[in-house]
Amino acid sequence: MLWGMKLIRGAISAILLAATFAAALRVRGTGGTPPQHGGWRPLELPER
Amino acid sequence: MVRIALVGAGVTGDRIAKRLDVLMPGCTVVVFDARGDLGEAAGCDVAILAHGGRQVGSTTKLVTAGVPVVSTADNVDDVRSLVELDDLAGRHDVQLVAGAGMSPGLTGLLARYLADQLERCDEIHIAVHGTAGPACARQHHRALAGHAMGLHDGEQISRPAGSGRELCWFPEPVGAYDCYRAELASPMLLGALFTDVGRISARMSANRRDRLTARLPMLSPPHREGGVGAVRVELRGADAAGRRVTLIAGVAELVATCAAATAVAFAAAIVRGDLPTGLTVAGDSSLDTVGLLHDIERLGVRLQEFTGIPHPAHPAPAAHAPTTANKDTT
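None of these values were measured; they are calculated from a predicted model.

S.K.: Talk me through the overall build of chain A; I want residue IDs and the actual numbers.
M.R.: Assigned secondary structure in chain A consists of one helix and one strand. Of all 48 residues assigned to chain A, the portion counted as buried reaches 2%.

S.K.: Go over helix α6 (residues 134-143) of chain B, please, and point to the residues and values.
M.R.: The complete set of buried residues in α6 of chain B reads Cys136, Ala137, Gln139, His140, His141 and Ala143 of chain B. For α6 of chain B, the secondary structure elements touched by its buried residues are β11 (199-205) and α9 (255-272) of chain B.

S.K.: Before we move on, could you go through the confidence of the model for chain B and cite the residues and values that matter?
M.R.: Residue and element names in this part refer to chain B. Chain-level statistics for chain B give a pLDDT mean of 90 and a share of 93% at 70 or above. No element of chain B has a lower mean pLDDT than strand β16 (residues 326-327), which averages 49, and none a higher one than strand β4 (residues 69-71), which averages 97. Counting contacts from residues 317-325, a segment whose pLDDT is below 50, to residues more than four positions away or on other chains yields 30 contacts. With pTM at 0.84, the complex prediction returns an ipTM value of 0.78.

S.K.: Can you break down the environment of Ser186 of chain B residue by residue, with the values?
M.R.: Residue and element names in this part refer to chain B. Along the chain, the position of Ser186 falls in helix α7 (residues 186-193). Considering only alpha carbons, one finds Ser186 and Leu144, 42 residues apart in sequence, at a separation of 15 Å. Look past the residues within four positions of Ser186 in its chain and what remains in contact with it is Ser103, Pro104, Thr107, Ile126 and Ala202.

S.K.: Quick one: what's the story with the packing of α9 of chain B against helix α10 (residues 289-298) of chain B, residue by residue and with numbers?
M.R.: Residues and elements named next belong to chain B. At their nearest, the axes of α9 and α10 sit 9 Å apart, and the two run at 125° to each other. One way to sum up the angle between α9 and α10 is to call them oblique. Where α9 crosses over α10, the handedness of that crossing is right-handed. Of α10, the residues touching α9 (which contributes Ala261, Thr262, Ala265, Ala268 and Ala269) are Leu292, Asp295 and Ile296.

S.K.: Describe the domain arrangement of chain B, listing the residues and the values that go with them.
M.R.: Residue and element names in this part refer to chain B. The domain architecture assigned to chain B consists of domain 1 (3-101 + 259-290) and domain 2 (106-255 + 302-327). Just the C-alpha atoms count here: the centres of domain 1 and domain 2 sit 24 Å apart. Contacts between the two partners involve 19 residues from domain 1, matched on the other side by 19 residues from domain 2. Elements represented by at least two residues in the side of domain 1 that touches domain 2 include exactly α1 (11-23), α3 (76-83), α9 and α10. At three residues, α3 tops the list of elements feeding residues into the side of domain 1 that touches domain 2. Residues belonging to the side of domain 1 that touches domain 2 are distributed by class as follows: seven nonpolar, nine polar and three charged.

S.K.: Describe the sheet that holds strand β5 (residues 95-98) of chain B, and please don't skip the residues or the numbers.
M.R.: Residue and element names in this part refer to chain B. One open sheet holds the six strands; their spatial order is β2-β1-β3-β4-β5-β14, and the pairing between them is parallel. Single-partner strands in this sheet number two, and they are β2 (28-32) and β14 (278-281). Mean inter-strand twist for the sheet, computed between neighbouring axes without regard to direction, equals 20°. The sheet contact formed by strand β1 (residues 3-7) and β2 spans five bridges and is parallel. Residue pairing across strands places Val7 opposite Phe32, the latter belonging to β2. Lying on the sheet, helix α2 (residues 56-64) is in contact with β1, β3 (46-49), β4 and β5; it crosses β4 at an angle near 165°.

S.K.: Just give me the short version of the pairing of strand β6 (residues 120-129) of chain B, but keep the residues and values in it.
M.R.: All names here are of chain B. Most of β6 sits out of view: seven of its 10 residues are buried. Both β6 and strand β12 (residues 228-238) contribute to a ladder of nine bridges, which runs antiparallel. When the bridges of β12 are listed, Glu123 appears paired with Arg236. In the sheet, β6 pairs with β11 via six bridges, with the strands oriented parallel. Note that in β11 the partner of Val128 across the bridge is Met204.

So, how was this worked out
- Residue numbering note: each chain is counted from 1, following its sequence as written.
- Here chains are named by letter from A upward and ligands by number from 1 upward, in the order in which they appear as written.
- With pLDDT at 70 or above as the cut-off, local features in this predicted model cover only qualifying residues; side-chain atom pairs require 80 or more to be listed or tallied, and sums for whole chains, interfaces and linings still use all residues.
- Secondary structure is summarised from DSSP: a helix means a run of H or I of at least four residues, a strand means a run of E of at least two, and numbering begins at the N terminus for each.
- Labels follow a simple rule on C-beta atoms placed from the backbone: if 20 or more others lie within 10 Å of a residue's own, it is buried; if 12 or fewer, it is exposed; otherwise it is partly exposed.
- By definition, residue pairs are in contact when their C-beta atoms, positioned from the backbone, come within 7 Å.
- Each residue carries a pLDDT value, the predictor's own confidence for that position, ranging from 0 to 100.
- Axis geometry follows a simple rule: fit a line to the C-alpha atoms, using only the stretch in contact for helices, then measure angles between N-to-C directions, giving values from 0 to 180 degrees.
- Throughout this description, any angle smaller than 35 degrees is read as roughly parallel, any larger than 145 degrees as roughly antiparallel, any in the 65 to 115 degree range as roughly perpendicular, and the remainder as oblique.
- Each helix crossing is assigned a hand: it is left-handed if the near helix lies turned anticlockwise from the far helix by less than a right angle, otherwise right-handed if that turn is clockwise.
- Domain delimitation follows an automatic or database domain assignment.
- All amino acids are sorted into three groups, where Ala, Val, Leu, Ile, Met, Phe, Trp, Tyr, Cys and Pro are nonpolar, Asp, Glu, Lys and Arg are charged, and the leftover types, Gly among them, are polar.
- Between any two strands, at least two bridges found by DSSP are needed for them to pair.

This is the structure:
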């Protein structure tokens, strides 16, 4: 029983820690905005 | 009446036969077996070789008989032998197009088209994904076991095929694939055409099983036809103002369709009298590259360019852009 409680507490702590890191990165992160345009488009050949 | 000799009736040959009428309406197509006597092809306006195995034997017979030849060969030794038939073709006053498939072939045309937009071209990098019929799949298998040629800082290099992993982004729906150096003919042909270019490489997509079994016989028979293939040609250089520019063009289409369209476009150019006698290689500056690409589009191949991040003006849409298109993971 005691072992089970320890496991649950550990899991909750890990999730909270991960959520804290994720939130910090989300708010403070400076990774920039990924490209919203671009990619492949049909090639416009000049007239013959 | 235009008479076309088609040697080979595999996946690519079949597609060539269906597309000849688009550029040469009313032409007559005579199909030959490469193992048979090609003597009856004498008198044809042009012969298109689309059979597996070496094509140099068929080419020699046809050129000697005075028949212009368009070859879809992609084996390095075969293409090298075809290039050496330049004198023979010249003596017999016929045209010979070596490497008129997807790669070499379409890749050379795209490279020339992009190079014409640059003031100076420093690097050409080609990546290929997919196979056409079983003969093409076998060639793909062999290419991963040989020695990949390339040009690095102006010097010819040879590296083991299967090395040099690079994540290459092809047009959709193909997307990103890990590509590796392979024994492909494009660097050899492009190196002779783009003499000012310092770096040329060619890669093909492969998975772990392909690389692991490359030096073994094929463990399972190839599919009748591979799925959607793709090709990607990237040129790096400078524009007139000296700015670094990267241009990328590509195609996502069945490999046999690309190869057939390229071969048919060259055959039509021969019939029109647009090609000189002797050897012609896709990417030659004397060719009407834009005209050939227009013909290839008419044959159902959609050419695409990578635009990267937004750029305001054409004709340099991909300038500074495609850094996200290709991530070296070597």
